[in-house]
Amino acid sequence: LESISGVRSLQQTFLIDASDQVRAAYAIPNASTHNQWSQEFTFSGKAGAVDWLAGVFYMNERNRSFVGDELFLFGGVVAGNFMRDLNNNAKSSAAFAHATWHASDALSFTAGGRYTQEKKNVDVQQYIVFPAAVPGTIANYAPSSYPGAKGPLLPFWNTTQVVANG
C-alpha cells in the first residue's frame, strides 16, 4: 500500500507594467489565491508470474483571481480601468489498474486502464472601475492586496452573458 498526499497553497500579488518602464500606458494588476489538495492510494503486488498495481486518486482545486486591465492615454488624461473576479474550481477522481504477465524471462505482456472523471467550473465577472459612485455601481470588494485601481465597480459582463451569446 502506498499513499501520496499533496497540498499546495499560493497567494500572489503583482503588477505588470506592459509599457516598458515608461509612464505606464497599460498595466495588469493581479491578486490571487490558489489552493489544491490531492490524495492517491496505490496497491501493488505479485501473483505468480503477474505483477499488478491498482489505485484511486482524488484532487480538489480552488482558485480565485482579481485581474485588471488599466489603460492610461495622453499622460493619464484618459483612463480605462477594468477588473475581473475570476473563480476557477476543479475536482478530479480516478481509478486505475495495471498488470504485467511475465510469459518468460524475455517476454511479457502488459495491460492497463484508467477511468477519470473531472468537473471544472469557471465563473467570471467583469467590472469597470469608476473613480466615484454612480447609479448601478457596487462597492469594490477586491482584497486590500489588489494593486489595481480602487473605486466603485460597475458590472460589465459575466459568465452567464458570455454563454448566452455563444
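For the structure given in this document, a descriptive report is provided here. Fair warning: this is a prediction, and the values are worked out from it, not measured in the lab.

**As for the packing of aromatic side chains**
Scanning all chains against the criterion turns up five aromatic pairs. Ring geometry for Trp37 and Tyr58: centres 5.4 Å apart, planes at 50°, overall tilted. Pair noted here: Trp37 is in strand S2 (residues 26–47) and Tyr58 is in strand S3 (residues 50–73), with a separation of 21 residues, a long-range link. Overall, the relative accessible area of 41% leaves Trp37 in the partly exposed class. A relative accessible area of 29% places Tyr58 in the partly exposed class.

**Description of a nonpolar patch on the surface**
A cluster of nonpolar side chains, Leu1, Phe41, Phe43, Trp52 and Val56, forms an exposed patch at the surface whose accessible area comes to about 500 Å². Only S2 and S3 provide two or more residues apiece to the nonpolar patch. Mapped onto the elements, Val56 comes out in strand S3.

**Overview of the nonpolar core**
Grouped together as the largest cluster of nonpolar side chains are nine residues: Ala31, Phe66, Met83, Tyr127, Val129, Ala142, Tyr146, Ala149 and Leu153. Sequence-distant contacts of Ala149, defined by excluding residues within four places in its chain, comprise Glu70, Asn81, Val129 and Asn140.

**Concerning the pairing of S2**
Sheet analysis places strand S1 (residues 2–17) next to S2, joined by 16 bridges and oriented antiparallel. Its bridge partner being in S2, Glu2 is matched across the sheet by Thr42. Across 20 bridges, S2 lies against S3 in antiparallel orientation. Bridging from a neighbouring strand, Ser44 pairs with Leu53 of S3.

Scoring rules and cut-offs
- Residues numbered from 1 in each chain as written.
- Predicted model: local features only at pLDDT ≥ 70, side-chain atom pairs only at ≥ 80, totals over all residues.
- Heavy atoms only, no water.
- Phe/Tyr/Trp six-rings, centres within 6.5 Å; stacked < 30°, edge-to-face > 60°.
- Helix = DSSP H or I, 4+ residues; strand = E, 2+ residues; numbered from the N terminus.
- Buried < 20%, exposed > 50% of the residue type's maximum accessible area, 1.4 Å probe, protein only.
- Patch = residues over 30% accessible without salt bridge, like charges linked within 9 Å, V, L, I, M, F, W, Y side chains within 5 Å.
- Areas by Shrake-Rupley, 256 points an atom, 1.4 Å probe, with all protein chains shown as cover.
- Salt bridge = Lys/Arg side-chain N within 4 Å of Asp/Glu carboxyl O.
- Core = buried A, V, L, I, M, F, W, Y, C linked by side-chain atoms within 4.5 Å.
- Contact = heavy atoms within 4.5 Å.
- Pairing = 2+ DSSP bridges.

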